[in-house]
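# Fold and contact review
These are the residues of each chain, in order.
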Amino acid sequence: MKLKQHHISKITRTENHNPISNGVMEGRTTTSHQEMEIVHFNRQAENWWRPNVSLPGLHLMNSVRVPFIRDSLLFDTELVDASKPLEGWTILEVGCGGGILTEEIAKLNANIVGIDLAEDCISAAQNHLVVLENDVRSRITYKAESIEEHLEDNEGKYDAVLISEVIEHIEPQQQEEFLRFCVRCVKHSGSIVITTINKTLSAWLYVILVGEYIRMKIPKGTHHWRQLISPETVGKYLMKANCEVKSVVGYNYNFLNLAYNFIENTNYYFAVHAVRK
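Please read these numbers as outputs of a predicted model, since none were measured by experiment.

### Focus: the packing of aromatic side chains
- As enumerated under the stated definition, the model contains five aromatic pairs in all.
- Ring pairing ties together the aromatic residues Y251, Y253, Y260 and Y269, which thus form one cluster.

### What about the pairing of strand β5 (residues 140-143)?
- Burial along β5 is one-sided: the residues I140 and Y142 are buried and none of T141 and K143 is.
- Sheet topology places strand β4 (residues 111-115) next to β5; four bridges connect them, and they run parallel. When the bridges of β5 are listed, G114 appears paired with Y142.

### Thoughts on the confidence of the model for the protein chain
- Within the protein chain, residue pLDDT values average 84, and 78% of them lie at 70 or more.
- In this model residues 1-29 is a low-confidence stretch, pLDDT under 50, and it forms 71 contacts with partners more than four residues away in sequence or in other chains.

### Re the environment of E148
- Mapped onto the secondary structure, E148 falls in helix α6 (residues 147-154).
- Of the residues examined, E148 reaches a relative accessible area of 38% and is grouped as partly exposed.
- C-alpha separation for the pair E148 and F181, spaced 33 residues apart in sequence, amounts to 6.5 Å.
- Of the polar contacts made by the side chain of E148, one reaches the side chain of S146; its length is 3.2 Å.

### What about the pattern of salt bridges?
- A complete count under the given rule lists eight salt bridges for this structure.
- Here D71 makes a salt bridge to R70, at a shortest N to O gap of 2.9 Å.
- Judged by its relative accessible area of 19%, D71 is buried.
- For R70, a relative accessible area of 22% gives the class partly exposed.

### Section: the state of the cysteines
- Applying the stated criterion to the full structure yields zero disulfides.
- In this model C182 remains outside any disulfide bridge; the closest cysteine sulfur is found in C185, 6.7 Å from its own.
- What makes C182 buried here is its relative accessible area of 0%.

### A look at the packing of helix α7 (residues 172-184) against helix α9 (residues 231-240)
- At a minimum axis separation of 9 Å, α7 and α9 run at an interaxial angle of 45 degrees. Between α7 and α9, the angle is such that the two are oblique. Our pair here, α7 against α9, has a crossing hand that is right-handed. Residue-level inspection shows P172, Q175, E176, L179 and V183 of α7 in contact with α9, the latter providing Y237, L238 and K240.
- Tallied by class, the residues present in the contact of α7 with α9 amount to five nonpolar, one polar and two charged.

### Looking at the sheet that holds strand β6 (residues 158-164)
- Pairing is mixed in the open sheet, where eight strands are placed in the order β5-β4-β3-β6-β7-β10-β8-β9. Unpaired on one side and paired on the other, β5 and β9 (259-263) mark the two borders of the sheet. Averaged over all neighbouring strand pairs, the angle between strand axes comes to 20 degrees, with direction disregarded.
- Where strand β7 (residues 186-197) lies against strand β10 (residues 269-276), seven bridges are found, and the strand directions are antiparallel.

### Some words on the packing of α6 against α7
- Two numbers describe how α6 lies on α7: the axes approach to 9 Å, and their chain directions differ by 25 degrees. Relative to α7, the element α6 lies roughly parallel. Crossing of α6 against α7: the hand is left-handed. Contacts between α6 and α7 involve I147, E148 and L151 from the former and F178, F181, C182 and R184 from the latter.
- Its residues assigned to classes, the contact of α6 with α7 comprises five nonpolar, no polar and two charged.

### Some thoughts on the side chain of T195
- Note on placement: T195 falls in strand β7.
- The exposure class of T195 is buried, given its relative accessible area of 3%.
- Only 2.7 Å separates the side chain of T195 from the side chain of S164, close enough to count as a polar contact.
- Discounting residues that sit within four places of it in the chain, T195 has contacts with R65, I163, S164, E165, V166, E168, Y251, F270 and A271.

Cut-offs applied
Residues numbered from 1 in each chain as written. Predicted model: local features only at pLDDT ≥ 70, side-chain atom pairs only at ≥ 80, totals over all residues. Heavy atoms only, no water. Phe/Tyr/Trp six-rings, centres within 6.5 Å; stacked < 30°, edge-to-face > 60°. Buried < 20%, exposed > 50% of the residue type's maximum accessible area, 1.4 Å probe, protein only. Helix = DSSP H or I, 4+ residues; strand = E, 2+ residues; numbered from the N terminus. Pairing = 2+ DSSP bridges. pLDDT = per-residue confidence, 0-100. Contact = heavy atoms within 4.5 Å. Polar contact = N/O pair within 3.5 Å; in protein donor to acceptor, adjacent residues only side chain to side chain. Salt bridge = Lys/Arg side-chain N within 4 Å of Asp/Glu carboxyl O. Disulfide = S-S within 2.5 Å. Axes fitted to C-alpha atoms, helices over the stretch in contact; angles between N-to-C directions. Parallel < 35°, antiparallel > 145°, perpendicular 65-115°, else oblique. Left-handed = near helix turned anticlockwise from the far one by under 90°. Nonpolar A, V, L, I, M, F, W, Y, C, P; charged D, E, K, R; others polar.

Rendered as structure tokens:
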């Protein structure tokens, strides 16, 4: 499936950076906000694989995330086995949660490592491996650790890094450094794929107000305005990390057909594909 993509050619927006105080959680250096995020997602751990009870959006979102990732990684590949499109790929997913996206990428025959700071979510992901076929299960590894910890022994290791619905949970003054750590895990000419929520009034109204507080499709308190980020800012940070942004697409949840669909703009959700130079 070919996706209609919007290419970024010029980045102009800037954001202010402010110092923050650090704390320590289970031997890791974290901020107080990170600790709250970890607690929030650990509370959701038992619901990762109960899509009708909680977190339904992440399961439905795979209908756009998976084809965008697949087609982006294969953008300059001529011959591909359709039944095993990502065979031979080694992929890192940062902020994998309970493995909702991880498993689908492994089903495309990629070898994938999922890392997350929320240890209960990693446990939920590991527990769910038993329902998978052996060949899929064997391609998945989960680790409860930060990107900084993972980078220590894995610099330049991966063909691609996935950062899906993660950066909007990081404080703005840390987002650039976070992306830089992620990029350093990728081989030169490797890919970085990011999906997140745009920092627009439309996204705030639709995703946070309606999604969390009116229709309650997302657990309350999951997203915060100050942490949302624009495609321009993501592109700027990636370019500073020596990456070339290849494409950006928009998508959104349609309450009429109860599904996520690609759309002509990036006003709500957007996905970015970049390559490390």
